[in-house]
Amino acid sequence: MKRVNFLAFLIIISFSSFSQNTINCEIKTTLGNIFIELYPDQAPITVANFMRYVDDDLYQNSRFFRTCTKENEADREIKIEVIQGGDLPEDIIFDPIVLETTEQTKLTHQDGTISMARAEPNTATTHFFICINDQPELDFGGKRNPDGQGFAAFGKVIKGMEIVRQIQSLENKNQLLIHPVTIITIQRTN
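As the structure is a prediction and not an experimental result, all values here were calculated from the model.

## With respect to the overall build of the chain
Then comes step 1: The number of helices and strands found in the chain is four helices and nine strands.
Then comes step 2: Helices (α) and strands (β) of the chain occur, in sequence order from the N terminus, as α-β-β-α-β-β-α-β-β-β-α-β-β.
Then comes step 3: Expressed as a percentage of its 190 residues, the buried residues of the chain come to 48%.
Then comes step 4: When the accessible area of the chain is evaluated, it comes to approximately 10200 Å², of which 52% is carbon and sulfur surface.

## Some thoughts on helix α4 (residues 161-168)
Then comes step 1: Taken together, the buried positions of α4 are M161, I163, V164, I167 and Q168. For α4, the arc enclosing every buried residue in end-on projection is 155 degrees, short of the 170-degree limit, so these residues lie on one face.

## Let's talk about the nonpolar core
Then comes step 1: In terms of nonpolar packing, the biggest core is built from 38 residues, with I34, L38, F50, F64 and F128 touching the most fellow members.
Then comes step 2: Elements represented by at least two residues in this core include exactly β1 (23-29), β2 (32-38), α2 (44-55), β5 (113-116), β6 (128-131), β7 (152-159), α4 and β9 (176-188).
Then comes step 3: It is α2 that contributes the most residues to this core, five residues altogether.
Then comes step 4: Apart from residues lying up to four places away in sequence, F50 is in contact with I36, L38, Y59, I114, F128, F154 and I186.
Then comes step 5: Membership of the second largest hydrophobic core comes to eight residues, among which are V82, A117, F129 and L138.

## Quick notes on α2
Then comes step 1: Here α2 spans 16 Å end to end across 12 residues, near enough to the 16 Å set by a 1.5 Å rise per residue.
Then comes step 2: Of the surrounding secondary structure, the elements contacted by the buried residues of α2 are β1, β2, β5, β6, β7 and β9.
Then comes step 3: Of the residues flanking the end of α2, it is D57, one or two places downstream, whose phi is positive at about 55 degrees.

## Topic: the packing of aromatic side chains
Then comes step 1: Here the structure, examined in full by the defined rule, presents eight aromatic pairs.
Then comes step 2: Judged by centre distance (5.5 Å) and plane angle (85 degrees), the ring pair of F129 and F151 falls under edge-to-face. Of the two residues, F129 sits in strand β6 while F151 sits in the loop between β6 and β7, which places them 22 residues apart along the sequence. Grouping residues by exposure puts F129 and F151 together as buried.
Then comes step 3: The structure contains a cluster of three or more aromatic residues connected by ring pairs, namely F50, Y53, Y59, F64, F94, F128 and F154.
Then comes step 4: In this arrangement the basic side chain of R52 is found over the ring face of F94, its NZ or CZ atom lying 3.4 Å from the centre.

## Quick look at the pattern of salt bridges
Then comes step 1: On inspection of all chains with the given rule, the structure shows four salt bridges.
Then comes step 2: Residues R63 and D87 are paired through a salt bridge, measuring 2.6 Å at the closest nitrogen-oxygen approach. With R63 in strand β3 (residues 62-68) and D87 in the loop between β4 (82-85) and α3 (102-105), this pair connects stretches of sequence that are 24 residues apart.
Then comes step 3: A salt bridge links D147 to R118; its shortest N-O distance comes to 2.9 Å.

## A word on the confidence of the model for the chain
Then comes step 1: Overall, the prediction assigns the chain a mean pLDDT of 90, with 89% of residues at 70 or greater.
Then comes step 2: When the criterion is pLDDT under 50, residues 1-18 qualifies, and its contacts beyond four places in sequence or with other chains add up to zero contacts.

Cut-off values and rules
- Residues numbered from 1 in each chain as written.
- Predicted model: local features only at pLDDT ≥ 70, side-chain atom pairs only at ≥ 80, totals over all residues.
- Heavy atoms only, no water.
- Helix = DSSP H or I, 4+ residues; strand = E, 2+ residues; numbered from the N terminus.
- Buried < 20%, exposed > 50% of the residue type's maximum accessible area, 1.4 Å probe, protein only.
- Areas by Shrake-Rupley, 256 points an atom, 1.4 Å probe, with all protein chains shown as cover.
- Arc of directions from axis to C-beta.
- Core = buried A, V, L, I, M, F, W, Y, C linked by side-chain atoms within 4.5 Å.
- Contact = heavy atoms within 4.5 Å.
- Expected span 1.5 Å × (residues − 1).
- Phe/Tyr/Trp six-rings, centres within 6.5 Å; stacked < 30°, edge-to-face > 60°.
- Lys NZ or Arg CZ within 6 Å of the ring centre and 35° of its normal.
- Salt bridge = Lys/Arg side-chain N within 4 Å of Asp/Glu carboxyl O.
- pLDDT = per-residue confidence, 0-100.

Shown next as structure tokens:
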């Protein structure tokens, strides 16, 4: 019996050593809460950047301000569905980070993925977005950006996608929400 218990213990230890280190956070908004799980083992630079803003309470009273839907993306060849947040005053923004591509991290843009917005590679700072439905054109090699580098996925929504979809459905003009949704705070939950 002791041998069976010891083998069971070894199996549990083996599986736990393969488990991924995660950071869990809660995004509290005026429409409800979104719970996310971040992957620092796979995207260490991107997670560290996001958590720097979270731990310094800099996302407090920021907003989800942009939404992309197939309908308001009609003028683009590659259509995506996301909500974007994290607009902060210029004077509190840290230096841009190096782009960790999905080719490097193996994290792809699926339904609920959280990722960093950017213009050129290595320009991401505070803006992040959450995917609605799978968005492979945002991955490395995707056609959303002419450079083909994609965006830095670094986590996913584990609870609250109904809030994400509600934000996406709000009235917008040229992808900007008529009434942005306040991010009351983003805090660690573990």
